[in-house]
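Observations on the three-dimensional arrangement
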Amino acid sequence: MEALYALAFYLKRGVGLKTIKRIANRYGTFEAAFKSGEFNLEEELREAEREIEKAKKLGVRVISLTENAYPSGLKKISAPPPVLYVLGNISDGFSVSIVGSRKCSSYGRKVAYQLASFLVSHGISVVSGFAYGIDTAAHKGAVESGGVTYAVLGCGIDVNYPSGNSSLRKQILEKGGALISEFPLGMAPARENFPRRNRIISGLSLATVVVEANESSGALITAGFALEQGRDVFAVPGNIDSVFSKGSNRLLKEGAIPLVEFEDIFDEIPYLKNFKREKVRLRVEERHRPIIDVLLKGDAHIDKIIAESGLPYCEVVTLLFELESEGLVKSDGGRYFLTGGDGVEKGRS
């Protein structure tokens, strides 16, 4: 039901994404916002009902920004989609995006494929944009290595685009991944959709890796969004005389982290080291997530946990006690850290 009201706000003309986010923050739920009587959405609700009915027939979930199933990292960006259309499974596990140009070299395709294979072998999901070139190589590297990958589309989730990736769509779903879009069903791919899509790619990810990009590549837009969102940006060095690498090499010149070896990701993102093994995920209850989000950045004193989580002292103490009792968190000298213990899974319960 919440997705119905969220979709109605999304379909309301003249209401921007940031405004919708403010409405969600103010009222807590879109249903509460509607019932406040402040907004006239009768026509949009009827349209939303038809849309959700079509989605159900296709096996597509419509997830509202205010629901627990909505990816927590994506909620934090400045203009998150009010709804996500999701075909397949999506969880809050560790994800890294791999992006690059549609037109690329064999070297770029090979690196994207091998990097994706490396990441999924360590239990890290791969996010990309499902375009030809680097994106396709990344998705294939993930699924052909038995891993999970998320394809973020620049069109309606029911639109078979690009048509040459039809079999890849099936593979992604078979391996437990998902197709994701913010665009209504039936929406055709359009030039303006893809830059907008890119903020979702970076928003779903702990870090973004630009493998190979020319100077006009949309991958550079994704990297820009990642920086705005406070996420790490890596770039793979390329030949200085290659047109395919001019954009990614410029990122390195401007301060992107060089990805010389795949293990560099673990060196630059310390908290991934604690989970550097296959299928290590952390399953926590929703009330624990503010604490976990702080500790994912590294060990922290209780004062820092209180400051960054926004929770009161008594609640933080209680939650830390519960997490320690469950063996998910340990303390040493007044500092707390995640254990990343065996058999622990990351995702929503």
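Structural data are supplied above this passage.
What this report covers is the structure whose coordinates are included nearby. Being a predicted model, the structure only gives us computed values, none of them experimental.

Turning our attention to the sheet that holds strand β3 (residues 95-100). With respect to topology, nine strands assemble into an open sheet ordered β1-β2-β6-β5-β4-β3-β7-β8-β9, the strand pairing being mixed. Single-partner strands in this sheet number two, and they are β1 (61-64) and β9 (257-258). When strand β8 (residues 232-235) meets β9, the two strands line up parallel, connected through two bridges. By the bridge assignment, A235 is partnered in β9 with P258.

One finds F30, Y85, I157, I180 and L204 to be the most contacted residues of the largest nonpolar core, which totals 65 residues. Looking at this core element by element, the count peaks at eight residues for helix α1 (residues 2-11). Excluding residues that lie within four positions of it along the chain, F30 makes contacts with E2, Y5, A6, F9, I20, A24, S64, L65, T66 and P82. By size, the runner-up hydrophobic cluster in this structure holds 44 residues, among which are L119, V209, I265 and L319.

Relative to the helices and strands, S242 resides in the loop between β8 and α11 (246-253). There is a polar contact of 3.2 Å between the side chain of S242 and the backbone nitrogen of F244.

Moving on to the pattern of salt bridges. Here the structure, examined in full by the defined rule, presents eight salt bridges. Of the charged contacts, one joins E44 and K12 as a salt bridge, the two residues approaching to 3.8 Å between their closest N and O atoms. Highlighted residues: E44 in helix α4 (residues 42-58) and K12 in the loop between α1 and α2 (17-27), separated in sequence by 32 residues. Among the salt bridges present, the one from R287 reaches E322, with a minimum N-O distance of 3.1 Å. Taken as a pair, R287 in the loop between β10 (282-284) and α13 (289-295) and E322 in helix α15 (residues 313-325) lie far apart in primary sequence, 35 residues in all. Overlapping salt bridges bring together E182, R196 and R199 as one network.

Turning next to the packing of α1 against α4. Close contact between α1 and α4 brings their axes to 8 Å; oriented N to C, the two are set at 120°. Accordingly, the angle class assigned to the pair α1 and α4 is oblique. As α1 packs across α4, the resulting crossing turns out to be right-handed. Where α1 abuts α4, its residues A3, L4, Y5, L7, A8 and L11 lie against E44, L45, E47, A48, E49, E51 and I52.

Right, let's get into the sheet that holds strand β13 (residues 335-338). Taken in spatial order, the three strands make up an open sheet running β11-β13-β12, and their pairing is antiparallel. Of all strands in the sheet, those with a lone pairing partner are β11 (300-301) and β12 (329-332), marking the two edges. One ladder, built from four bridges, connects β12 with β13; its direction is antiparallel. Note on β13: the bridge partner recorded for V329 is L338. Sheet contacts for α15: β12 and β13; angle to β12, the most-contacted strand, approximately 110°.

Attention now moves to the pairing of strand β7 (residues 207-212). Of all six residues in β7, six are buried; the element is thus mostly enclosed. Two elements, β3 and β7, share five bridges in a ladder whose sense is parallel. Bridging across to β7, S97 finds its partner in T208. Relative to β8, β7 runs parallel, the two sharing four bridges. Bridging across to β8, V210 finds its partner in A235. Tracing the backbone out of β7, into helix α10 (residues 219-228) and back to the parallel element β8 gives a crossover that is right-handed.

Between its first and last C-alpha, α15 extends 18 Å over 13 residues, near the 18 Å set by a 1.5 Å rise per residue. Those residues of α15 lying buried are V316, L319, L320 and L323. Taken around the axis of α15, the buried residues stretch over an arc of 100°, which confines them to a single face. Along α15, the residues that are exposed and aim more than 90 degrees away from the buried face are C314, F321 and S325. Residues of α15 that are buried make contact with α13, α14 (302-309), β12 and β13. Directly beyond the C-terminal end of α15, a positive phi value near 80° is found at G327.

Thresholds, definitions, all that
Residues numbered from 1 in each chain as written. Predicted model: local features only at pLDDT ≥ 70, side-chain atom pairs only at ≥ 80, totals over all residues. Heavy atoms only, no water. Pairing = 2+ DSSP bridges. Helix = DSSP H or I, 4+ residues; strand = E, 2+ residues; numbered from the N terminus. Core = buried A, V, L, I, M, F, W, Y, C linked by side-chain atoms within 4.5 Å. Buried < 20%, exposed > 50% of the residue type's maximum accessible area, 1.4 Å probe, protein only. Contact = heavy atoms within 4.5 Å. Polar contact = N/O pair within 3.5 Å; in protein donor to acceptor, adjacent residues only side chain to side chain. Salt bridge = Lys/Arg side-chain N within 4 Å of Asp/Glu carboxyl O. Axes fitted to C-alpha atoms, helices over the stretch in contact; angles between N-to-C directions. Parallel < 35°, antiparallel > 145°, perpendicular 65-115°, else oblique. Left-handed = near helix turned anticlockwise from the far one by under 90°. Right-handed = clockwise from strand over helix to strand, strands pointing away. Expected span 1.5 Å × (residues − 1). Arc of directions from axis to C-beta.

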